[in-house]
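Descriptive analysis of the structure
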Amino acid sequence: MSRFITQRLIVFAPTLFGVAVIVFVVMRLIPGDTITAQIGTQTLLTDAQAASLRAYYGLDKPVLEQFTSWFGAALRGDLGLSVRSGKPVLGEILSRFPLTLELGLLALLIGLVLGLTLGMFTATRRGTLADAAGQFLALIGLALPNFWLGTLIILVLSTVFHILPNSGDYTPFSQDPLRNLGQLIFPAFTLGLGLTASIARTTRSAVLEELRQDYARTARSKGLSERWVTLKHCFRNALLPVITLVGIQAGYLLGGAIVVEEVFALPGLGRLLLNAIGQRDYAVTQGVILFIALNFLLINLLADLAYALVNPRVRNA
Amino acid sequence: MKTLRIPRLWRAPGMLFGLALSVLLVVVAIFALQLAPFPPLEQHAADMLRPPGTVYALGSDLMGRDVLSRLMRGATNSLRVAALAVALAASLGTLVGLIAGYAGGWLDVILMRLADLLFAFPPLLLALAIVSALGAGAENAVLAIGIVYTPIFARVARAPTLLVKTREYVTAARAQGVSVWRILWRHILPNIAAPIIVQISLALAWAILLEASLSYLGLGTKPPEPSWGAMLSESRRDMEYAPWLAITPGAAIMLAVLGFNMLGDGLRDALDPQMRNT
């Protein structure tokens, strides 16, 4: 177990470094450089002014030097200053992160509860009409764009129930938990539905696979009820692929949150990123992308560890 | 390598449904201008926000443009971006996977670790990063989505290459002095084509969704050219009194994703008997 954890941690560091290199390289794809891109046309600035700005931001240094100073600063928590607000990028990120985290966790919870239930329901009714309907629902859930689902939810709430979920200021959980949950429940459902569909599909096929194993047959031949065999024996083992899937999908929730926050006008990390892209605020764009990618890596690491914890073959290795 | 057994395909209704949806979508996308009842950019000042009816089958928008015609033209734009992106990802990714799998050793390690690094980003985030650097627009969306899906094709191509390269006919070709590129192209690629074809169909579904997301966020196809994502985004302003503007483009995206997904799932089941019972 400790060897497994050490192995994962050893892989983590170079991956993080590689991710930082990619973020740095991608942001250097900007035609010209960030100064030209931010100012628009050079006519507003003299060459000397542009050159002094480049020197100020260190853009006149060799690329390798630019990277080492940026990455070194990032490791110390310094992601630079927002060109638009003048505030530290990390501070802006940390002030928006709780909302995105809460949205992601709620979506994960919704996805797990609905997905596992639907997956078990269809697996135990294999070949029936209910199974086909459940599978079709899961397929629709996968194909449903979350920004469309969000739009439809807003449409129904506003026209039928006269509720506007994206109006008014956002209230943090610490201020008013009930109001906060009321504001986040629809966005979380929107974000969690895709996850529900993938969890349901994976649970169904994993449970079916386990029900075919020898140990399930042995349990049945001992006289245990099918319900007992499914719930006590097969479901636990079927959770292993689900955990792997959740690890991957939880990361995708971070990507999905960008769009869902935009649909429901929630001031989270996604909106910070989209506004930064719109305003050509490259320090913020670069910082948010690095931050989300870091979280994606951490979530995958956690999923690996959770997998090891519940899988005795890895745990006792 | 298993080959497609055509008769079996006709016994898979899900796949047939997916195939029908995909073919319909491709036909509409190619012949959008001929099939559309109105030019997609034509404005009718007297017919603003008309609900679906006999003249405008799916209604009209705030500028009096026919929604059905714009959806059809949107199919052209959305599918073009998705298809070009998948073509880029499939060719580049397959090439990388073939080289990595065939060469082995340090080249394999370097190429696959690079692919793993791209997997360390949520797809939408990576696409957003690339588009934010290069600028909004359909061409850059193609590049961004193409890069996002390249590592998937590299993985899909590499695994069977490892198997096929040990086959006798490959050894024989090598012994005869056939060049590496010819071995990859003539002897290995045809034998690893099946999983790549499956992946193309699945990737098309996700590329359509990713293109719609980028367009919805204002970073894909630029207006006034219609794209499904942008149409949905524009609909938010008027959807309370013109709900058809929000319903139709989303339904189009969903049907397109569903079609290519079901086609891909069906193809995979037909090619991989182990998957069929699950």
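Refer to the structure presented above.
These notes cover the structure that comes with them. Only a predicted model underlies this, so the values are computations on that prediction, with no experimental measurement involved. (Residues numbered from 1 in each chain as written. Chains lettered and ligands numbered in written order. Predicted model: local features only at pLDDT ≥ 70, side-chain atom pairs only at ≥ 80, totals over all residues. Heavy atoms only, no water.)

Residue and element names in this part refer to chain B. On the surface, Leu-19, Val-23, Val-26, Val-27, Ile-30, Phe-31 and Leu-35 cluster together into a nonpolar patch covering about 560 Å² of accessible area. Here the nonpolar patch gets five residues from one element, more than from any other, and that element is helix H2 (residues 13-30). Relative to the assigned elements, Ile-30 resides in helix H2. (Patch = residues over 30% accessible without salt bridge, like charges linked within 9 Å, V, L, I, M, F, W, Y side chains within 5 Å. Areas by Shrake-Rupley, 256 points an atom, 1.4 Å probe, with all protein chains shown as cover. Salt bridge = Lys/Arg side-chain N within 4 Å of Asp/Glu carboxyl O. Helix = DSSP H or I, 4+ residues; strand = E, 2+ residues; numbered from the N terminus.)

All names here are of chain A. Put simply, the second largest pocket is a space of about 750 Å³. What lines the second largest pocket is a set of 25 residues, among which Tyr-57, Trp-70, Leu-79, Gly-80 and Ala-283 lie closest to the centre. Secondary-structure elements contributing two or more residues to the lining of the second largest pocket are helix H1 (2-27), helix H2 (34-39), helix H3 (47-56), helix H4 (63-75) and helix H12 (282-310). With four residues, H4 is the single largest residue contributor to the lining of the second largest pocket. (1 Å grid on protein atoms, 1.4 Å probe; cavity = no way out; pocket = protein on both sides within 12 Å on 5 of 7 lines; lining within 4 Å. Points joined across faces, edges and corners; volume = space filled by probe spheres on them.)

So, about the packing of helix H5 (residues 89-123) of chain A against helix H6 (residues 129-143) of chain A. A pair of packed helices is characterised by two quantities: the angle between their axes and the separation of those axes. All names here are of chain A. At a minimum axis separation of 8 Å, H5 and H6 run at an interaxial angle of 145°. Between H5 and H6 lies a crossing whose hand is left-handed. Of H6, the residues touching H5 (which contributes Leu-118, Phe-121 and Thr-122) are Ala-130, Asp-131, Gly-134 and Gln-135. A breakdown of the residues in the contact of H5 with H6 according to their chemical character gives three nonpolar, three polar and one charged. (Axes fitted to C-alpha atoms, helices over the stretch in contact; angles between N-to-C directions. Left-handed = near helix turned anticlockwise from the far one by under 90°. Contact = heavy atoms within 4.5 Å. Nonpolar A, V, L, I, M, F, W, Y, C, P; charged D, E, K, R; others polar.)

A few words on the packing of helix H9 (residues 214-221) of chain A against helix H10 (residues 226-263) of chain A. Residue and element names in this part refer to chain A. With their axes 10 Å apart at the nearest point, H9 and H10 run at an angle of 155° to one another. Considered as vectors, H9 and H10 are oriented roughly antiparallel to each other. Judged by the sense of rotation from one axis to the other, the crossing of H9 with H10 is right-handed. Side by side, H9 and H10 meet where Tyr-215, Ala-216, Ala-219 and Arg-220 of the first sit next to Glu-226, Val-229, His-233, Cys-234 and Asn-237 of the second. For the contact of H9 with H10, the class distribution of residues is five nonpolar, two polar and two charged. (Parallel < 35°, antiparallel > 145°, perpendicular 65-115°, else oblique.)

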